[in-house]
Amino acid sequence: MKLAFDFNDTTRVENGPFFSAITRALRRDGHKIYIITDSFTGYDSNISKDLYKQRRKKLFEMGIYYNLLIITGDKEEFCKKEGIDYMIDNRPNLYFTNSEVIHLQLIFNLGLRR
């Protein structure tokens, strides 16, 4: 299965341990993991190398396991082109206007906030 995760607000630092564990398990089981993040400059080949390196460094620091990092302004087109089965994104109504969207919420730090 091909699975994609948004980078900026979905895989935030405070969610890092969760996404580290889930991406490690998914890759271990043979799934292909894409990290897809927003940029209005176009697909991966058109972005600055510094931005790409910055994103890779952050993913490494967070322990996120993935096969491919993509920075694009058109996530939906990329997912369709690559045959992505599922995409987890915090703003699907903005990026996936022609796709079926199921709204889910990730709850973390249960019991830690009082």
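Conventions adopted
Per-chain numbering applies: the sequence of each chain, read as written, is numbered from 1 onward. Predicted model: local features are reported for residues with pLDDT of at least 70 only, side-chain atom pairs are reported and counted for 80 or more only, and whole-chain, interface and lining totals are derived from all residues. Where side-chain values are given, they derive from all heavy atoms of the structure, hydrogens and water being excluded. Remark: exposure states derive from per-residue accessible area (1.4 Å probe, protein chains only) relative to the maximum for the residue type, with buried under 20%, exposed over 50%, and partly exposed in between. The numbering of helices and of strands both runs from the N terminus, where a helix is a DSSP run of H or I of at least 4 residues and a strand a run of E of at least 2. Pairing between strands is defined by DSSP: at least two bridges between the two strands are required. What makes a salt bridge here is a side-chain nitrogen of Lys or Arg within 4 Å of a carboxyl oxygen of Asp or Glu, nothing more.

A.B. asks: Give me the pairing of strand E2 (residues 32–38): which residues, what numbers.
C.D. replies: The side chains of a regular strand alternate between both faces of the sheet. Extensive coverage of E2 is indicated by the burial of six of its seven residues. Where strand E1 (residues 2–6) and E2 come together, five bridges link them in parallel fashion. Residue pairing in the sheet places Lys2 in a bridge with Lys32 of E2. Sheet analysis places E2 next to strand E3 (residues 68–72), joined by five bridges and oriented parallel. By the bridge assignment, Thr37 is partnered in E3 with Ile71.

A.B. asks: Please give an account of the pattern of salt bridges that cites residues and values.
C.D. replies: Applying the stated criterion to the full structure yields four salt bridges. Salt-bridge contacts for Glu61 lead to Lys57; the nearest nitrogen and oxygen are separated by 3.7 Å. Here Glu61 and its partner Lys57 are both found in helix H2 (residues 49–62), four residues apart, which amounts to about one turn of the helix. Judged by relative accessible area, Glu61 falls into the partly exposed class, the value being 49%. Classification of Lys57 as exposed rests on a relative accessible area of 53%. A salt bridge links Lys80 to Glu76; the shortest N-O distance between them is 4.0 Å. With Lys80 and Glu76 both in helix H3 (residues 75–82) and four residues apart, the pair spans about one turn of that helix. A residue is classified by how much of its surface remains accessible, and Lys80, at 49% relative accessible area, is partly exposed. Within this structure, Asp6, Lys75 and Asp89 form a network of salt bridges that share partners.

On their own, these measurements won't tell you what the molecule is for.
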